[in-house]
Amino acid sequence: QVQLVESGGGLVQPGGSLRLSCAASTRIVSINAMGWYRQAPGKQREWVARIGNVGNTMYADSVKGRFTISRIVAKDTVYLQMNSLKPDDTAVYYCNAVDSSGVYWGQGTQVTVSS
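Note that the structure is predicted; figures quoted are calculated from it, not measured.

Thresholds, definitions, all that
- Residues numbered from 1 in each chain as written.
- Predicted model: local features only at pLDDT ≥ 70, side-chain atom pairs only at ≥ 80, totals over all residues.
- Heavy atoms only, no water.
- Helix = DSSP H or I, 4+ residues; strand = E, 2+ residues; numbered from the N terminus.
- Polar contact = N/O pair within 3.5 Å; in protein donor to acceptor, adjacent residues only side chain to side chain.
- Contact = heavy atoms within 4.5 Å.
- Patch = residues over 30% accessible without salt bridge, like charges linked within 9 Å, V, L, I, M, F, W, Y side chains within 5 Å.
- Areas by Shrake-Rupley, 256 points an atom, 1.4 Å probe, with all protein chains shown as cover.
- Salt bridge = Lys/Arg side-chain N within 4 Å of Asp/Glu carboxyl O.

Engineer: So, the side chain of Asp89: which residues are in play, and what are the values?
Structural biologist: Inspection of the secondary structure assignment puts Asp89 in the loop between strand 8 (77–82) and strand 9 (91–99). Of note is the side chain of Asp89, whose polar atom sits 2.9 Å from the side chain of Arg38. At 2.8 Å, the side chain of Asp89 forms a polar contact with the side chain of Arg66. Not counting the four nearest positions on each side in its chain, Asp89 is found in contact with Arg38, Arg66, Phe67, Ser84, Val111 and Val113.

Now the structure itself:
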């Protein structure tokens, strides 16, 4: 079992920045991949970014160039740096982990982009 705890959400103005954190209960280098998803009101959950266990990254087209996923292995924590935020980025953001024992989700953190 992998437990994930997100933090860092909040209210930000358009064009602003936020950094989300996801702390894992196990060594993240033992997890195949971790990522971020988001779900806006009335919409399906969508994939945002992914980081593999060797540090390789991938991004959804909608966030490419604005968001950066990273990790600090010593802290077993994955981050999502979000810059140039838009109102369309408003959603609950969920951390995700996939390994040989299953798929795990955090509880989510709300990000609201509004003036």
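Engineer: Would you mind going over a nonpolar patch on the surface in detail, with residue names and values included?
Structural biologist: A cluster of nonpolar side chains, Val98, Val103 and Trp105, forms an exposed patch at the surface whose accessible area comes to about 250 Å². Within the secondary structure, Val103 sits in strand 10 (residues 102–105).

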